[in-house]
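Remarks on the overall topology
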Amino acid sequence: MTNQGARQRLTGQSLGAYILGVAQSGTDCAECCRVPCDPSTSYLRTDSATAVGACVVRNHWGKVFSVCARRFSHVSSPTIAEALALREAICLANRLRVSEPIFEGDAKGITDAMAAGSGVGLDCDVILQDCRTLVCNFFPLSHSFKFVRRSLNWAAHSIVGKAFRDHSFCCNTLAQMEWLESRLCSRNNP
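Being a predicted model, the structure only gives us computed values, none of them experimental.

**Side note on the pattern of salt bridges**
All chains considered together, the criterion is met by five salt bridges. One salt bridge connects Arg95 with Glu88, and the closest N-O pair in it is separated by 3.9 Å. On the basis of relative accessible area, Arg95 is assigned to the exposed category, the value being 51%. A salt bridge links Lys162 to Asp166; the nearest nitrogen and oxygen atoms lie 4.0 Å apart. Accessibility expressed as a relative area gives 22% for Lys162, which makes it partly exposed.

**Notes on helix α6 (residues 154-165)**
An ideal rise of 1.5 Å per residue puts 16 Å on twelve residues; α6 measures up with 17 Å between its terminal C-alpha atoms. Those residues of α6 that sit buried are Trp154, Ala155, Ala156, His157, Ser158, Ile159, Val160 and Ala163.

**Comments concerning the nonpolar core**
In this structure, Leu86, Ile90 and Phe103 are the most contacted members of the largest nonpolar core, which totals 31 residues. The element contributing the most residues to this core is helix α3 (residues 78-95), with ten residues. Val56, Ala156, Phe169 and Cys170 belong to the second-largest nonpolar core, a separate cluster that totals 17 residues.

**Side note on the packing of α3 against helix α5 (residues 125-138)**
In contact at an axis separation of 9 Å, α3 and α5 are set at 15 degrees when each is read in the N-to-C sense. As the angle between them shows, α3 and α5 are arranged roughly parallel. Viewed along their axes, α3 and α5 form a crossing whose handedness is left-handed. For the pair α3 and α5, the contacting residues are Ile80, Ala83, Leu84, Leu86, Arg87, Ile90, Cys91 and Asn94 in the first and Ile127, Leu128, Asp130, Cys131, Leu134, Val135 and Phe138 in the second.

**Some thoughts on the environment of Ala54**
Following the sequence through the fold, Ala54 ends up in strand β2 (residues 50-58). Overall, Ala54 belongs to the buried group, its relative accessible area being 3%. C-alpha of Ala54 to C-alpha of Leu86: the two residues are 32 residues apart in sequence and 8.7 Å apart in space.

**So, the pairing of strand β3 (residues 64-73)**
The buried count for β3 comes to seven of ten residues, which makes it a mostly enclosed element. In the sheet, β2 pairs with β3 via nine bridges, with the strands oriented antiparallel. Bridging from a neighbouring strand, Ala54 pairs with Ala69 of β3. Where β2 hands over to β3, the hairpin turn is made up of five residues, of which Gly62 adopts a positive phi near 90 degrees.

**Describing the packing of aromatic side chains**
If you walk through the whole model with that rule in mind, you get four aromatic pairs. Pairing Phe103 with Phe145 gives two aromatic rings, centres 5.4 Å apart and planes at 25 degrees, and the pair type is stacked. Placement of Phe103 in strand β4 (residues 102-105) and of Phe145 in strand β5 (residues 144-147) is noted, with a sequence separation of 42 residues between them. Assessed through its relative accessible area of 1%, Phe103 is described here as buried. Phe145 sits in the buried class, given a relative accessible area of 13%. Ring plane angle 75 degrees and centroid distance 5.8 Å describe the contact between Phe169 and Trp179, whose orientation is recorded as edge-to-face. Here Phe169, found in the loop between α6 and α7 (173-188), pairs with Trp179, found in helix α7; they are ten residues apart in sequence, far enough to count as distant. Pairwise contacts between aromatic rings join Phe103, Phe138, Phe139 and Phe145 into one cluster. A cation over a ring is seen here: Arg71 above Phe164, with NZ or CZ 5.8 Å from the ring centre. It is Lys162 that lies over the ring of Phe169; its NZ or CZ is 5.6 Å from the centre.

Definitions and cut-offs
Residues numbered from 1 in each chain as written. Predicted model: local features only at pLDDT ≥ 70, side-chain atom pairs only at ≥ 80, totals over all residues. Heavy atoms only, no water. Salt bridge = Lys/Arg side-chain N within 4 Å of Asp/Glu carboxyl O. Buried < 20%, exposed > 50% of the residue type's maximum accessible area, 1.4 Å probe, protein only. Helix = DSSP H or I, 4+ residues; strand = E, 2+ residues; numbered from the N terminus. Expected span 1.5 Å × (residues − 1). Core = buried A, V, L, I, M, F, W, Y, C linked by side-chain atoms within 4.5 Å. Axes fitted to C-alpha atoms, helices over the stretch in contact; angles between N-to-C directions. Parallel < 35°, antiparallel > 145°, perpendicular 65-115°, else oblique. Left-handed = near helix turned anticlockwise from the far one by under 90°. Contact = heavy atoms within 4.5 Å. Pairing = 2+ DSSP bridges. Phe/Tyr/Trp six-rings, centres within 6.5 Å; stacked < 30°, edge-to-face > 60°. Lys NZ or Arg CZ within 6 Å of the ring centre and 35° of its normal.

Shown next as structure tokens:
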């Protein structure tokens with residue numbers, strides 16, 4: 001099953017019902033999650049630059065498993081914002097005890113640098129090195145980084161847009177899941 005195919009089969013099934021179904025099947029949630037973590041950012045340049053990063057965690061069936069949005073202060077470039085969002089996705093995958101994560105992002109420079117072990121510029125190489133260290137410590141056996149087009153990363157971008165406009169939304173993971181679920185339902189039932 002391709003990631004693109006999994007994305008097209010998303011349903012509005014509630015997270016609670018999904019987790020209940022996994023629990024009843026006797027499958028460990030962490031085992032069933034070869035997760036594409038989709039980090040995404042929005043960047044606003046003001047006197048003190050603010051960025052919002054978000055990631056959407058899906059299982060290998062394409063079902064949304066978790067979301068996370070975070071506001072970053074004093075960010076000097078969109079590249080740094082993307083690197084910070086990736087770092088947040090790595091930490092979230094670790095907190096969820098995900099096995100074999102696939103980190104997908106639409107920042108080609110960041111995903112290529114992580115896949116190749118290279119840098120993208122002095123402004124965010126320290127963050128990328130931290131990401132590499134975290135990934136090697138958290139997921140020593142298997143992980144990957146893939147570039148995806150922005151249109152395939154729409155769920156993370158939707159969370160970012162909402163979190164950027166509503167500061168309290170960043171602090172409420174349940175609200176993020178419910179909001180994204182309503183968006184998924186509306187996309188699947190036109």
